[in-house]
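Remarks on the overall topology
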Amino acid sequence: MPCEVAARFLILYGSQRGQAQSIAEEICEQAAEYGLTADISCLSKQDKYNVDSEIRPVVFVVSTTGDGDPPDTALKFVRKIKNKSLPHDHLSHLRYALLALGDTNYANFCNGGKTIDSLLQRLGAKHFYATGHADDGTGLEVVVDPWIEGLWDALKKTFSGMSASNQTDAARSDCTQDNNLKNASGQEKTKSDLEVDLHLLKLSEVHSQNEKTVPSDSSDAETHSTTLVASLKQSVPPLSESVLKVPALPPSYLEVVLEQASTEGETVPSGKDGYHEVSISKAVQLTQDDAVKSSILLELDISEQDVAYQPGDSFDILCPNRASEVEELLLRLDLQMQRNCAVQVSLLKNSSKKAAKVPLHIPQNSSLQFILTWGLEIRSIPKKAFVRALADFTRSSSEKRRLLELCSKEGSADYNSFIRDSNVCVLDLLQAFPSCLPPLSLLFEHLPKLQPRAYSAASSSLQHPEKVHFVFNVVEFPACPEHPARTGLCTGWLVDHISSILQPLGTVPASECLGTSALPKVHVRPRPNSTFHLPSDPSVPVVMVGPGTGVAPFIGFLQQREKEHEMNQEATFGETWLFFGCRHKDKDFLFREELERFVHNGTLSHLIACFSRDEPDAAGTVNRPTYVQHNLLLHAKNVASILLKDKGCLYVCGDAKNMAKDVNDTLLEIIGNELQLDKLDAMKIVAGLREEKRYLQDIWS
Ligand code: FAD
């Protein structure tokens, strides 16, 4: 009997924070609309799939974490395909497509996906569709949406290739799995080394049944008014007059029951997932009141916990959503009276959602208020699928039309400008569209897990036994037409939380010995860093670049070095350079006194600081350095010599968006000039430094 090649494919995802998983699920859901059947599995579930004998096309969706690493859930799989003893044609039967997720604000863009891609290639697997590299820095959907759109055509071609191959071969052989493997590998013409710029991707010409068209709402008087200014609530022509292609309605899959049993008293998460409840023993304002940004140092008392850390590690802090926003949400959903009800979540019977699961971050039997406070990131930016689903719970036809516009292909620019770039959250949408009243289950289906925030340790336990220090900037978002003024979720909460113990800059604490019970508490979990540490050999010279709060880990490094110096006077210590920057010398020079002490006692060989907003001094230095990279350039000879001759290390910490990129460019310039190399060759040297773990970054945005 000839073989029938079922139009069935496999989706494997490696997700760190759930984005790759939700994209994989979206692909899985769309498949049926194209007459295809998809199976889906997390890469960590190795008992659920086997690429060694996989004859179906496989679609990988892989995110990137840390310093360009594959997500934790993909590590076992990576180890497996990295095995050097595997023959070069081990996966020659495998046809696959790969969507890599990353963020160009960080080094090693999309490296998690790229690693898996190159390992698969090395083992002979072939692309049936070009790899996509999606950038969270500019919006994943810019690449993800067209990539998925083109995937269906590529899959169909792959299936027809496999089917033709099977029919030819069926005349010659029985249908065995081995034959199928051979046939599949023999047929498909792929460009294995292809990396197509997705902007140039020729999109599928097959008309997508997945997209429903929505006629323009010509009855909407608002769109024809004389004020032709687009906003979150209102569109202007041509969008307001366009026929829309909107994404398919995501199938609902959760059933939420609110039970009257009272769950009062549940105020903070339990000590699960390795979190420790610790006291904040000190909080000190590090900046003047008139500084542009306010920076605060926290000291946590970890004496009663089994918590160890090294300078260079970070800690995750759990923070709740703002009580006022939870309140507004309850009010808006008409659920204030049910706030203390116990929530039961189960899977909806007959849901068409593939691999549906009750989200683990929604604990059973917790109160509604607790879940909205500690479980869900209610500030997250609603994805287009969420906006699409909200439209179906909107009574007013003009509001519904606007929501459909915002999630449509034609309304992409409006989505980017009024939702994504304006950091709009579900509450902002509910305020802007008053006739939208979604059920609670919809929020549970679409809101992601409330993530902890990470803070770098700014201390060494040699110098501060049983304590750990952090320093953070209070993040502020000014009011805009889409939402009121806000502070960052965690940093805004921390400021309120520590207000009773906050010491203004330069003051002596009123009471050093507040009873522990009176101190504010916080839940923390160590987040070890495998590479961002001082070299084990203290004679290795180090260059540290840490403007603003980026100086945090270097305070830890220097405290550690200071103590090591004291404990071992005979040892040889390499040179230490710190490039620091802030706005004003007298307003936000963090840790100034401590840094000057390090210089004074020889722990820090060179403190090179710059102040971007200070007026030039009386001497009126022309071209004075404004940012850390300018100072690096001024000291190019020393930096190059430390890195290229003395085998030293360069550490960069802080802002990922601008600073880390500027420093990287400057490093290329320094190395290019020093070694008389063009940019490409300088890049190779810098890549080598990264490889040798002598150029290390701990950056965030
Ligand atoms: P959030 O509410 O999460 O907002 C943060 C970002 O979201 C903003 O930068 C912005 O891009 C966006 N955003 C949200 N709402 C809006 C809006 N309405 N308008 C515009 N933009 C908006 N930070 C430190 O200060 N010190 C440290 O030592 C430190 N160490 C870190 C170490 C690591 C390993 C990592 C990953 C991060 C570190 N961070 C550090 C960053 C820190 O984890 C938080 O991201 C930061 O404090 C902001 O948190 P938040 O909850 O206050 O802000």
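Here's a quick rundown of the structure. Everything numeric in this text was worked out from a predicted model, so none of it was measured.

On a plain count of helices and strands, the protein comes out with 19 helices and 24 strands. Of all 701 residues assigned to the protein, the portion counted as buried reaches 50%.

The full set close to the ligand counts 20 residues, and Arg 453, Ala 454, Tyr 455, Cys 490 and Thr 491 are the nearest of them. One nitrogen or oxygen atom from the main chain of Ala 454 is found 2.7 Å from an oxygen atom belonging to the ligand. Coverage of the ligand by the protein chains reaches 77% of its 970 Å² of free accessible surface. Looking at the shell around the ligand, the elements with two or more residues in it are β14 (453-456), β15 (467-473), α13 (489-497) and β24 (695-700). The element best represented in the shell around the ligand is β14, accounting for four residues. Its residues placed into classes, the shell around the ligand shows nine nonpolar, eight polar and three charged.

Next up on the list: the side chain of Ser 408. Secondary-structure assignment places Ser 408 in the loop between α9 (397-407) and α10 (412-420). Only 2.9 Å separates the side chain of Ser 408 from the backbone nitrogen of Gly 411, close enough to count as a polar contact. If we ignore the near neighbours within four places in the chain, the residues touching Ser 408 are Leu 244, Lys 245 and Val 246.

The subject of this paragraph is the nonpolar core. Counting 47 residues, the largest nonpolar core has Leu 232, Leu 329 and Phe 444 as the members making the most contacts within it. Residues contacting Phe 444, with those up to four places away along its chain left out, are Leu 254, Val 256, Val 343, Val 345, Pro 359, Ile 362, Leu 368, Ile 371 and Leu 376. Listed in part, the 32 residues of the second largest apolar core include Ile 11, Val 144, Trp 147 and Ile 148.

What follows concerns the sheet that holds strand β23 (residues 649-655). Pairing in this open sheet of five strands is parallel, and the strands run β22-β21-β20-β23-β24 from one edge to the other. Every interior strand has two partners, whereas the edge strands, β22 (606-611) and β24, have only one. Pairs of neighbouring strands in the sheet enclose a mean axial angle of 10°, with direction left out of account. Bridge count between strand β20 (residues 542-545) and β23: four bridges; the pairing is parallel. For Val 542, the partnering residue across the bridge sits in β23 and is Cys 649. Docked against the sheet, helix α17 (residues 636-645) engages β20, β21 (576-582) and β23, running at close to 135° with respect to β21.

Here Pro 237 and Pro 238 are connected by a cis peptide whose omega angle stands at 5°. One can find Pro 238 in the loop between β7 (212-214) and β8 (244-246). The residue Asp 334 is not glycine, and still its phi comes out positive at about 60°. With respect to the helices, strands and loops of the structure, Asp 334 is situated in the loop between α6 (323-332) and β13 (341-347). Residue Asp 334 is classed as exposed on the basis of its relative accessible area, which comes to 54%. Of note in the backbone geometry, Asn 365 takes a positive phi value of approximately 70° without being a glycine. Structurally, the position occupied by Asn 365 is in the loop between β13 and α7 (368-375). The partly exposed category is assigned to Asn 365, whose relative accessible area is 44%.

Moving on, we get to the packing of aromatic side chains. Inspection of the entire model under this criterion finds 18 aromatic pairs. Seen in terms of ring centroids, Phe 60 and Tyr 96 are 5.8 Å apart; in terms of plane orientation they differ by 85°. Their pairing is edge-to-face. With Phe 60 in strand β3 (residues 58-62) and Tyr 96 in strand β4 (residues 95-102), this pair connects stretches of sequence that are 36 residues apart. Judged by relative accessible area, which is 0%, Phe 60 ranks as buried. Relative to Trp 147, the ring of Tyr 129 lies with its centre 5.0 Å away and its plane at 45°, an arrangement referred to as tilted. In this pair, Tyr 129 is assigned in the loop between β5 (126-127) and β6 (132-135) and Trp 147 in helix α4 (residues 141-170), connecting sequence segments 18 residues apart. Ring pairs connect the aromatic residues Tyr 309, Phe 315, Tyr 455, Phe 470 and Phe 472, which therefore count as one cluster. The aromatic ring of Tyr 415 is capped on one face by Lys 384, whose charged end is 5.2 Å from the ring centroid.

It is worth spelling out the pairing of strand β12 (residues 314-317) at this point. Alternating residues of β12 divide into Ser 314 and Asp 316 and Phe 315 and Ile 317, and every residue in both groups is buried. The pairing of β12 with β14 spans four bridges and is antiparallel. The residue of β14 that forms the bridge with Asp 316 is Ala 454.

Considering all chains together, one arrives at 33 salt bridges under this definition. One salt bridge in this structure joins Lys 80 and Asp 52, with 3.6 Å as the shortest N-O distance. Taken as a pair, Lys 80 in helix α2 (residues 75-82) and Asp 52 in the loop between β2 (37-42) and β3 lie far apart in primary sequence, 28 residues in all. Accessibility expressed as a relative area gives 31% for Lys 80, which makes it partly exposed.

A few words now on the environment of Val 243. Looking at where Val 243 falls in the secondary structure, it is placed in the loop between β7 and β8. Taking the relative accessible area as the measure of exposure, Val 243 reaches 52% and is therefore exposed. The spatial distance from the C-alpha of Val 243 to the C-alpha of Glu 410 is 8.4 Å, given a sequence separation of 167 residues.

With respect to the helices and strands, Gln 121 occurs in helix α3 (residues 111-122). Linking Gln 121 and His 88, residues 33 residues apart in sequence, is a C-alpha distance of 9.0 Å.

Now for α3. Between its terminal C-alpha atoms α3 stretches 16 Å, which fits the 16 Å expected from twelve residues at 1.5 Å a residue. Turning to α3, its buried residues are Gly 112, Gly 113, Ile 116, Asp 117, Leu 119 and Leu 120. Down the axis of α3, the buried side of the element spans an arc of 170°, and every buried residue falls inside it. The inward-facing, buried residues of α3 abut β3, α2, β4 and β5. One or two residues past the end of α3 sits Gly 124, with phi positive at roughly 90°.

Looking now at a negative patch on the surface. Taken together, the side chains of Asp 655, Asp 662, Asp 665 and Glu 669 define an acidic patch exposed on the protein surface. No other element matches helix α18 (residues 659-675), which puts three residues into the negative patch. Mapped onto the elements, Asp 662 comes out in helix α18.

Reading the values: the criteria
- Residues numbered from 1 in each chain as written.
- Predicted model: local features only at pLDDT ≥ 70, side-chain atom pairs only at ≥ 80, totals over all residues.
- Heavy atoms only, no water.
- Helix = DSSP H or I, 4+ residues; strand = E, 2+ residues; numbered from the N terminus.
- Buried < 20%, exposed > 50% of the residue type's maximum accessible area, 1.4 Å probe, protein only.
- Near = heavy atom within 4 Å.
- Polar contact = N/O pair within 3.5 Å; in protein donor to acceptor, adjacent residues only side chain to side chain.
- Areas by Shrake-Rupley, 256 points an atom, 1.4 Å probe, with all protein chains shown as cover.
- Nonpolar A, V, L, I, M, F, W, Y, C, P; charged D, E, K, R; others polar.
- Contact = heavy atoms within 4.5 Å.
- Core = buried A, V, L, I, M, F, W, Y, C linked by side-chain atoms within 4.5 Å.
- Pairing = 2+ DSSP bridges.
- Axes fitted to C-alpha atoms, helices over the stretch in contact; angles between N-to-C directions.
- Phe/Tyr/Trp six-rings, centres within 6.5 Å; stacked < 30°, edge-to-face > 60°.
- Lys NZ or Arg CZ within 6 Å of the ring centre and 35° of its normal.
- Salt bridge = Lys/Arg side-chain N within 4 Å of Asp/Glu carboxyl O.
- Expected span 1.5 Å × (residues − 1).
- Arc of directions from axis to C-beta.
- Patch = residues over 30% accessible without salt bridge, like charges linked within 9 Å, V, L, I, M, F, W, Y side chains within 5 Å.
- Lys, Arg positive; Asp, Glu negative; His and termini not counted.
- Charge placed at Lys NZ, Arg CZ, Asp CG, Glu CD.

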